[in-house]
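Breakdown of the fold
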Amino acid sequence: MAVIIPIAGGKGGVGKSVLSTNLSVSLAARCQNVILCDFDFGGANLHTMLGLKNNQNGLGHFINKIETDMSALVQATGIPNLHFIAGDCLFPGAANIDFFTKQKIIRELTKLQCDYLILDLGAGSAHNIIDFFIMANNGVVIITPEITSVLNSYSFLKSVIYRFCYRQYNPKSPARQILKNSILQRLEGREYSFEQILSVIEKNSRIDTKELAIRFGTTEAAIVEEMAAMEMKGVICGYHTMINWEKTSNEKVIALIEVRVTKAQSDSTAARILALTETASERKTRSETFITRFAKVYTPLVCGIYFSITVSP
């Protein structure tokens, strides 16, 4: 299956066709089979950059059902490995294709046999251009250092994201309605964020959306839509209830009990030492008991006799 690379830009004249042509030639020089398609319906002129005349069948013939096989529109360019499909703006109304014709073109493009399919899209953010851009996972947006180019490219990318998300849901799904309502709200330059809304409702989930709108300086519809979107994404999982228990009929008593614990004397260190001493005394032998008693009685007596003999003349 070919690698499809759509090249677009919000503003005309930024170099989309130049880049598309040079990218195609460069890939072809690397021995890659490349088909360059001019998808600027109503203003196709890519053939002039390849030095070709606009005398071959192009997408205008396919849109008007003159040609039913897309592969029959592929023409040689004179450059090895590079082929070309002209836009063919000679048919009036070629830029205003209907949905079914667009889907048929997309299906036929995926059937083309090549390595790379380069789509040179027109300027602007029309649905047809965006649908061709999001048909592939790869895409290039051309921007020049001009304020008009930057703003138009920003608008183009917003439209791409919106269109991509919009087409992921069924026509009658609530998600599509939310997306439709979201584009009516101005997102640029607002002075609040999703996180600020979440912080408020986290503290008080019963707060009124009107109060939120007044607090953040926006409309109530914008707050409702943003909260609904966050619920669908699973950011808001539920709402808690704040209860003032003092207003209830249940009476509660709060008491402070002070408990002091004093260690018993028998558990002290001194008591343990004394008990060990007494136990040791009880376990003495008879000889040790005699010596102890002798020391208590005769030692003072002997010392007294000694001092009396020494002192007397």
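Below is a short write-up of the structure.

1. Digging into the overall build of the protein chain
Across its full length, the protein chain holds 11 helices and 6 strands. Working note: accessible area of the protein chain is about 21300 Å², and carbon and sulfur atoms make up 57% of it.

2. A closer look at the side chain of histidine 47
On the secondary structure map, histidine 47 appears in the loop between β2 (34–39) and α2 (59–63). According to the relative accessible area criterion, histidine 47 is buried, its value standing at 12%. Filtering out sequence-adjacent residues up to four positions away, histidine 47 remains in contact with Asp38, Leu52, Lys53, Asn54 and Phe84.

3. Looking at the sheet that holds strand β3 (residues 75–76)
Strand order in this open sheet of 6 strands is β3-β4-β2-β5-β1-β6, and the pairing throughout is mixed. Every other strand in the sheet has two partners, leaving β3 and β6 (140–141) as the edge strands with one partner each. Pairing analysis gives 5 bridges linking strand β1 (residues 3–8) to strand β5 (residues 116–121), with the strands arranged parallel. Bridging from a neighbouring strand, isoleucine 5 pairs with isoleucine 118 of β5. Against the sheet, helix α1 (residues 16–29) touches β1, β2, β4 (82–85), β5 and β6, its axis set at about 170° to β5.

4. What to know about the nonpolar core
Core analysis: the largest hydrophobic core is formed by 30 residues, its most contacted members being Phe39, Ile105 and Leu117. Among the secondary structure elements, those contributing two or more residues to this core are β1, β2, α2, α3 (99–111), β5, α4 (127–133) and α5 (147–166). By residue number, the principal contributor to this core is α4, which donates 4 residues. Not counting chain neighbours up to four residues away, the residues in contact with phenylalanine 39 comprise Leu59, Ile105, Leu109, Leu119, Asp120, Leu121, Gly122 and Phe132.

5. Remarks on the environment of lysine 11
Its location among the elements puts lysine 11 in the loop between β1 and α1. Aside from chain neighbours lying at most four places away, what touches lysine 11 is Lys16, Ala123, Glu146, Thr148, Ser149 and Asn152.

6. Thoughts on α3
Its 13 residues give α3 an end-to-end C-alpha distance of 19 Å, which sits within 8% of 18 Å, the value for a rise of 1.5 Å per residue. Turning to α3, its buried residues number three or more, namely Thr101, Lys102, Ile105, Ile106, Glu108 and Leu109. Projected down its long axis, α3 carries its buried residues within an arc of 170°, all on one side. Every exposed residue of α3 that faces more than 90 degrees away from the buried side is listed here: Phe100 and Lys111. At its buried positions, α3 is contacted by β2, α2, β5, α4 and α5. For α3, the side-chain oxygen to backbone nitrogen distance between the N-cap and phenylalanine 100 is 3.1 Å, and the N-cap itself is aspartate 98.

7. Brief notes about helix α8 (residues 209–216)
Listed as buried for α8 are Thr209, Leu212, Ala213 and Phe216. Viewed end-on, α8 has its buried residues packed into an arc of 100°, placing them on one side of the element. Exposed and oriented more than 90 degrees from the buried face of α8 are Lys210 and Ile214.

8. Some remarks on the packing of α8 against helix α9 (residues 220–233)
When two helices pack together, you describe them by how their axes are tilted relative to each other and by the distance separating the axes. Contact geometry of α8 with α9 gives a least axis separation of 8 Å together with a crossing angle of 110°. The pairing of α8 with α9 is recorded here as roughly perpendicular in orientation. Residues Thr209, Lys210, Leu212, Ala213 and Phe216 of α8 touch α9, and the partners they reach there are Glu220, Ile223, Val224 and Met227. Residues of the contact of α8 with α9, tallied by class, amount to 6 nonpolar, 1 polar and 2 charged.

9. Description of the layout of surface pockets
In this structure, the second largest pocket spans a volume of roughly 210 Å³. Around the second largest pocket, the lining is made up of 13 residues, and of these Ile201, Glu202, Ile236, Gly238 and His240 lie nearest the centre. Here the lining of the second largest pocket is composed, by residue class, of 7 nonpolar, 4 polar and 2 charged.

10. Considering the packing of aromatic side chains
The description of an aromatic ring pair rests on the distance of the ring centres and on the angle between the ring planes. Following the criterion strictly, the structure yields 6 aromatic pairs and no others. Pairwise contacts between aromatic rings join Phe39, Phe41 and Phe132 into one cluster. One Lys or Arg, arginine 176, reaches over the ring of tyrosine 166 and ends 4.1 Å from the middle of that ring.

Calculation criteria
- Residues numbered from 1 in each chain as written.
- Predicted model: local features only at pLDDT ≥ 70, side-chain atom pairs only at ≥ 80, totals over all residues.
- Heavy atoms only, no water.
- Helix = DSSP H or I, 4+ residues; strand = E, 2+ residues; numbered from the N terminus.
- Areas by Shrake-Rupley, 256 points an atom, 1.4 Å probe, with all protein chains shown as cover.
- Buried < 20%, exposed > 50% of the residue type's maximum accessible area, 1.4 Å probe, protein only.
- Contact = heavy atoms within 4.5 Å.
- Pairing = 2+ DSSP bridges.
- Axes fitted to C-alpha atoms, helices over the stretch in contact; angles between N-to-C directions.
- Core = buried A, V, L, I, M, F, W, Y, C linked by side-chain atoms within 4.5 Å.
- Expected span 1.5 Å × (residues − 1).
- Arc of directions from axis to C-beta.
- Polar contact = N/O pair within 3.5 Å; in protein donor to acceptor, adjacent residues only side chain to side chain.
- Parallel < 35°, antiparallel > 145°, perpendicular 65-115°, else oblique.
- Nonpolar A, V, L, I, M, F, W, Y, C, P; charged D, E, K, R; others polar.
- 1 Å grid on protein atoms, 1.4 Å probe; cavity = no way out; pocket = protein on both sides within 12 Å on 5 of 7 lines; lining within 4 Å.
- Points joined across faces, edges and corners; volume = space filled by probe spheres on them.
- Phe/Tyr/Trp six-rings, centres within 6.5 Å; stacked < 30°, edge-to-face > 60°.
- Lys NZ or Arg CZ within 6 Å of the ring centre and 35° of its normal.

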